[in-house]
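Structural overview for review
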Amino acid sequence: LSGELDRFQSFREVFPDTIAATLVEDDKKAISVSAKRWGEKRGKFFVINARQETIFEKPMFKDAIERYRCVIPASGFYEWASVGRQKQKYKIPSQRSEPIYMAGLYLPKQENDHYVIITTASEGDMSFIHHRSPILLSADEYPEYLSSLSFARQRLAKPNEPLSIIPDAGDEPVQLSFLDLGLQ
């Protein structure tokens, strides 16, 4: 898999309704890279996240979490915090030189599958910035998350490890930085 990821471009900015790389378990039970669109339009709303607390109950997600789990590799993510009337961007980078792996699920579509990121209540310093954060899987956990529903249930019930938070003075409104498949 690392060889397959090596052929992709560097990390890039990804916004809702754009295509990004995800990791999935294919029909042969091997992990492969798959292009999927971030978010799902539902009426007037655009759904980009699923709450870990209700994912096994919500009609939109309960079948997908059982059958269509995915992992979103990223170099990190950004969150915005309100500071008075201003917004401050915070960078939450990978804690190691490897990507972070966000737990997700996808909704199969004829043209492009759509994925959402599974979030949980923020812990520690992260809770001062935003009340939700993506569920982060380790490099050892994500293959089992993809292949085992019982492991996925157990892992989704656990909180994230504490994260380092870095104020970012950049001007660009970055949300998440994903592996680039070169598909725009």
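Residues numbered from 1 in each chain as written. Predicted model: local features only at pLDDT ≥ 70, side-chain atom pairs only at ≥ 80, totals over all residues. Heavy atoms only, no water.

In terms of helices and strands, the protein carries 5 helices and 14 strands. The buried share of the protein, reckoned over its 184 residues, is 47%. Excluding contacts between residues fewer than 6 apart, the proportion of contacts in the protein whose partners are at least 24 apart in sequence is 68%. When the accessible area of the protein is evaluated, it comes to approximately 10100 Å², of which 47% is carbon and sulfur surface. (Helix = DSSP H or I, 4+ residues; strand = E, 2+ residues; numbered from the N terminus. Buried < 20%, exposed > 50% of the residue type's maximum accessible area, 1.4 Å probe, protein only. Contact = heavy atoms within 4.5 Å. Areas by Shrake-Rupley, 256 points an atom, 1.4 Å probe, with all protein chains shown as cover.)

Let us look at helix α5 (residues 149-156). Buried within α5 are the following residues: F151, A152, R155 and L156. All buried residues of α5 project into a common sector of 125 degrees when viewed along the axis, lining one side. Against α2 (62-67), β7 (69-83), β9 (100-107), β10 (114-121), β12 (136-137) and α4 (142-147) lie the buried residues of α5. (Arc of directions from axis to C-beta.)

Quick look at the nonpolar core now. Where a protein is soluble and globular, its nonpolar side chains tend to be buried together. In this structure, L105, Y115, I118 and Y145 are the most contacted members of the largest nonpolar core, which totals 45 residues. If you tally residues by element for this core, the top one is β9, at 7 residues. Apart from the residues lying within four places of it in its own chain, the contact partners of L105 are I55, F61, A64, I65, Y68, R69, C70, H114, Y115, V116 and I118. (Core = buried A, V, L, I, M, F, W, Y, C linked by side-chain atoms within 4.5 Å.)

A few words on the environment of E123. Topologically, E123 is positioned in the loop between β10 and α3 (126-129). Judged by relative accessible area, which is 46%, E123 ranks as partly exposed. When the C-alpha positions of E123 and E161 are compared, they lie 8.3 Å apart, and in sequence the two are 38 residues distant.

Here the focus is the confidence of the model for the protein. The pLDDT averaged across the protein works out to 81; a share of 80% of its residues lies at or above 70. Residue range residues 171-184 is modelled with pLDDT below 50. Its contacts to residues more than four positions away, or to other chains, number 59 contacts. (pLDDT = per-residue confidence, 0-100.)

What follows deals with the pattern of salt bridges. Under the definition given, this model contains 10 salt bridges. Between K109 and E40 there is a salt bridge, with the nearest N and O atoms lying 2.9 Å from each other. Placement of the pair is K109 in the loop between β9 and β10 and E40 in strand β4 (residues 40-42), with a sequence separation of 69 residues. Given the relative accessible area of 5%, E40 is considered buried. (Salt bridge = Lys/Arg side-chain N within 4 Å of Asp/Glu carboxyl O.)

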